[in-house]
Amino acid sequence: MAKKTSKKVAKKAAKKVAKKAAKKVVKKAAKKVAKKKSARKPNAAFMAALTPSANLAAVIGNKPTPRTQIIKKIWEYIKKNKLQDAKNKRMINADEKLKVLFDGKKQISMFDLAKVVNKNVK
């Protein structure tokens, strides 16, 4: 009779463990759904259309564009013309159009790109 009661106890314990595991799975799924609902909203300042200067317009076009898209278009130009330094990927080499933007410098850091954009938008 001791064997039968121990089997019953083992079954009950297994059921409890299974229920706890199922609850954890449901909670994790609920958290994932909740995280997706609270999508991050872009800052309105980044979405405002800015007018590029004549020098910048030579690279990205002259339509008013948000700051994020300006940076994206500059990077497209850099990659298309293979202007990223081969050894140090953080450095951008200037061609004739970019040299004017970079104040005559032959090379700038990618972290200085935001400064260049600030100087050349209205």
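Let me sum up the structure you'll find in this document. (Residues numbered from 1 in each chain as written. Predicted model: local features only at pLDDT ≥ 70, side-chain atom pairs only at ≥ 80, totals over all residues. Heavy atoms only, no water.)

## Considerations on the overall build of the protein chain
Quick note on the threshold: Helix and strand definitions here come from DSSP, where helices need a minimum of 4 consecutive H or I residues and strands a minimum of 2 consecutive E residues; each element is numbered from the N-terminal end. Here the globule rule is a power law, 2.2 Å times the number of residues to the power 0.38, and the radius of gyration is based on C-alpha atoms. For the purpose of charge, His is not counted, nor are the chain termini; Lys and Arg are scored as positive and Asp and Glu as negative. To locate a charge, take atom NZ for lysine, CZ for arginine, CG for aspartate or CD for glutamate.
When helices and strands are counted, the protein chain shows six helices and four strands. Element order for the protein chain, N to C, with α for helix and β for strand: α-α-β-α-β-α-β-α-β-α. What you see for the protein chain is a C-alpha radius of gyration of 29 Å, clearly larger than the 14 Å of a compact globule of 122 residues, by over 25%. Expressed along its principal axes, the backbone C-alpha trace of the protein chain runs to roughly 95 × 35 × 20 Å. Charged side chains of the protein chain number 38 positive and 6 negative; the gap between the two group centres comes to 33 Å.

## As for the environment of Phe 46
Applicable threshold: Contacts: residue pairs with any heavy atoms within 4.5 Å of one another.
Here Phe 46 lies in helix H2 (residues 44-47). When sequence neighbours within four positions are dropped, the list of residues in contact with Phe 46 reads Pro 66, Arg 67 and Thr 68.

## Focus: the side chain of Thr 65
Test applied: Definition of a polar contact: a pair of N or O atoms within 3.5 Å, with one able to donate and the other able to accept a hydrogen when the atoms are protein atoms, and with sequence-neighbouring residues admitted only if both atoms are side-chain atoms.
For Thr 65, the position within the fold is in strand S2 (residues 65-66). A distance of 2.8 Å separates a polar atom in the side chain of Thr 65 from the backbone oxygen of Lys 63. In contact with Thr 65, other than residues within four places in its own chain, are Ala 48, Ala 49, Leu 50, Ile 70 and Lys 73.

## Here we look at the pattern of salt bridges
For the record, the criterion: Salt bridge, as used here, is a side-chain nitrogen of Lys or Arg placed within 4 Å of a carboxyl oxygen of Asp or Glu. Each residue's exposure class comes from its accessible area (1.4 Å probe, protein chains only) as a fraction of the maximum for that residue type: buried when under 20%, exposed when over 50%, partly exposed otherwise.
Counted by the stated rule, this structure contains two salt bridges. For Lys 119, the salt bridge goes to Asp 103, with nearest N and O atoms at 3.3 Å. Note that Lys 119 is positioned in helix H6 (residues 113-119) and Asp 103 in the loop between helix H5 (96-101) and strand S4 (107-109), a separation of 16 residues in sequence. The exposure classification of Lys 119 matches that of Asp 103, with both residues exposed.

## Side note on helix H4 (residues 67-80)
Short version of the rule: By this rule the span expected of a helix is its residue count minus one, scaled by 1.5 Å. Note that the arc is computed from the directions linking the helix axis to the C-beta atoms.
A rise of 1.5 Å per residue sets the reference length of H4, with its 14 residues, at 20 Å; its end C-alpha atoms lie 20 Å apart and thus fit the reference within 8%. When we look at burial in H4, the residues that qualify are Ile 70, Ile 74, Trp 75, Tyr 77 and Ile 78. For H4, the angular spread of buried residues about the axis comes to 155°, placing them on one side. Turned more than 90 degrees off the buried face of H4, the exposed positions are Lys 79 and Lys 80. As for H4, its buried residues are in contact with strand S1 (49-50), helix H3 (54-60), S2, strand S3 (91-93), H5 and H6.

## Remarks on a positive patch on the surface
Applied cut-off: Exposure above 30% relative accessible area and no salt bridge define the residues that can form patches, which grow by joining like charges within 9 Å and nonpolar side chains of Val, Leu, Ile, Met, Phe, Trp and Tyr within 5 Å. Under the convention used here, a 1.4 Å probe and the Shrake-Rupley method define accessible areas, while residue burial counts only the protein chains that appear.
A contiguous patch of positive charge, built from Lys 7, Lys 8, Lys 11, Lys 12, Lys 15, Lys 16, Lys 19, Lys 20, Lys 23, Lys 24, Lys 27 and Lys 28, is present on the exposed surface. Relative to the helices and strands, Lys 20 resides in helix H1 (residues 2-37). Overall, Lys 20 belongs to the exposed group, its relative accessible area being 60%.

## Remarks on unusual backbone geometry
The backbone of Lys 82 sits at a positive phi, close to 50°, despite the residue not being glycine. Residue position: Lys 82 is located in the loop between H4 and S3. The class for Lys 82 is exposed, based on a relative accessible area of 72%.

## Section: the nonpolar core
One broad trend across soluble globular proteins is that nonpolar side chains are buried collectively. What counts here: Buried Ala, Val, Leu, Ile, Met, Phe, Trp, Tyr and Cys residues that are joined via side-chain atoms within 4.5 Å together make up what is termed a nonpolar core.
The biggest cluster of nonpolar side chains holds 19 residues, and the ones touching the most others in it are Ile 70, Ile 74, Ile 92, Leu 98 and Phe 102. With five residues, the single largest contributor to this core is H4. If we ignore the near neighbours within four places in the chain, the residues touching Ile 74 are Leu 56, Ile 60, Leu 113 and Val 117.

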